[in-house]
Amino acid sequence: MKTLFAFPKLSVRRLATIGILLALSYLIGRFSITIIPKQLVLSFTFILESIIGSISGPLLAFLTLGIFDVIDTLFSEKAGMFLIGWTIMEAILGFIYGAFFYGKSFSWSSKKDWLYVSLAMTVITILGSFIMTPWLIQHYYHVPILAQFIAGRWIKIFEIPIRIVVTMTVLSQLTRIPEYRKLLNPKN
């Protein structure tokens, strides 16, 4: 039985796959688009975070994305600006990705799957982009939350349909790969 606090078997295949996904996330993160400095950044790392959540579960995704945030900060131009709040936020979002996607396979033609992914991506985007990030920016950079939304944070609302379509496309295609299906089983 899969529960929120289940920890999948840490096979070499699973660990290697997570490592490859983190390396891809690091590369994709370098191609993020800054719209408003320190406030509004568009990135496609959510795709890889969804996949990590689906094969690792909530607890392992929590640890993986939390540790990855520390490593990512150390190897970036912002190495001297490490802030623990961002790491905690990434870890919490990793837990949520794992809670929604762990061990689940999706079908492009299933309306139920579309509804489920829509709910998941809406919750994750609202929590990450509209609650935790504005609060952290206000806390660390003293930019009021209202000013962030006036300056353009509200634009992130248009990211939700993009996240839904891209996530559904990627996860439904990955489900067709036998090796990926094996990773969805926590006992493998």
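Remember, predicted model here, so these are calculated numbers, not experimental data.

This model, assessed by the stated rule, comprises eight aromatic pairs. Centroid distance Phe 100 to Tyr 116: 6.0 Å. Interplanar angle 70 degrees. Geometry classified as edge-to-face. Note that Phe 100 is positioned in helix α3 (residues 84-101) and Tyr 116 in helix α4 (residues 111-141), a separation of 16 residues in sequence. Their ring planes at 70 degrees and their centres at 6.2 Å tell us that Trp 154 and Phe 158 sit as a pair that is edge-to-face. Using a relative accessible area of 52% as the deciding quantity, one classes Phe 158 as exposed. An aromatic cluster is present here, built from Tyr 97, Phe 100, Phe 101, Phe 106 and Tyr 116 joined pairwise through their rings.

The next point concerns helix α1 (residues 12-29). Here α1 contains 18 residues, and its C-alpha end-to-end distance of 25 Å stays within 8% of the 26 Å for a straight helix at 1.5 Å per residue. Among the residues making up α1, those that are buried are Arg 14, Ile 18, Leu 21, Leu 22, Ser 25 and Gly 29. Projected down its long axis, α1 carries its buried residues within an arc of 105 degrees, all on one side. Of the residues in α1, the exposed ones pointing more than 90 degrees away from the buried face are Val 12 and Ile 20. Lining the buried residues of α1 we find α2 (46-74) and α7 (178-184).

Moving on, we get to the packing of α1 against α2. At a minimum axis separation of 10 Å, α1 and α2 run at an interaxial angle of 60 degrees. In terms of axis orientation, α1 runs oblique to α2. Two packed elements cross with a definite hand, and for α1 against α2 that hand is right-handed. Here Arg 14, Thr 17, Ile 18, Leu 21, Leu 22, Leu 24, Ser 25, Tyr 26 and Ile 28 of α1 come into contact with α2, specifically with Leu 48, Ile 51, Ile 52, Ile 55, Ser 56, Leu 60, Thr 64, Leu 65, Phe 68 and Asp 72.

With that settled, consider the UniProt feature "transmembrane region" (unreviewed entry) in the protein. In the numbering adopted here, UniProt assigns the feature "transmembrane region" (unreviewed entry) to residues 12-29, 41-68, 80-102 and 114-137. Note that residues 41-68 is 82% helix and 7% strand, and that its end C-alpha atoms are spaced 18 Å apart. The straight-line gap between the two end C-alpha atoms of residues 80-102 is 34 Å; of that span, 78% is helix and 0% is strand.

Procedures and definitions
- Residues numbered from 1 in each chain as written.
- Predicted model: local features only at pLDDT ≥ 70, side-chain atom pairs only at ≥ 80, totals over all residues.
- Heavy atoms only, no water.
- Phe/Tyr/Trp six-rings, centres within 6.5 Å; stacked < 30°, edge-to-face > 60°.
- Helix = DSSP H or I, 4+ residues; strand = E, 2+ residues; numbered from the N terminus.
- Buried < 20%, exposed > 50% of the residue type's maximum accessible area, 1.4 Å probe, protein only.
- Expected span 1.5 Å × (residues − 1).
- Arc of directions from axis to C-beta.
- Contact = heavy atoms within 4.5 Å.
- Axes fitted to C-alpha atoms, helices over the stretch in contact; angles between N-to-C directions.
- Parallel < 35°, antiparallel > 145°, perpendicular 65-115°, else oblique.
- Left-handed = near helix turned anticlockwise from the far one by under 90°.
- UniProt positions renumbered as here; feature names shortened; annotations may be inferred.

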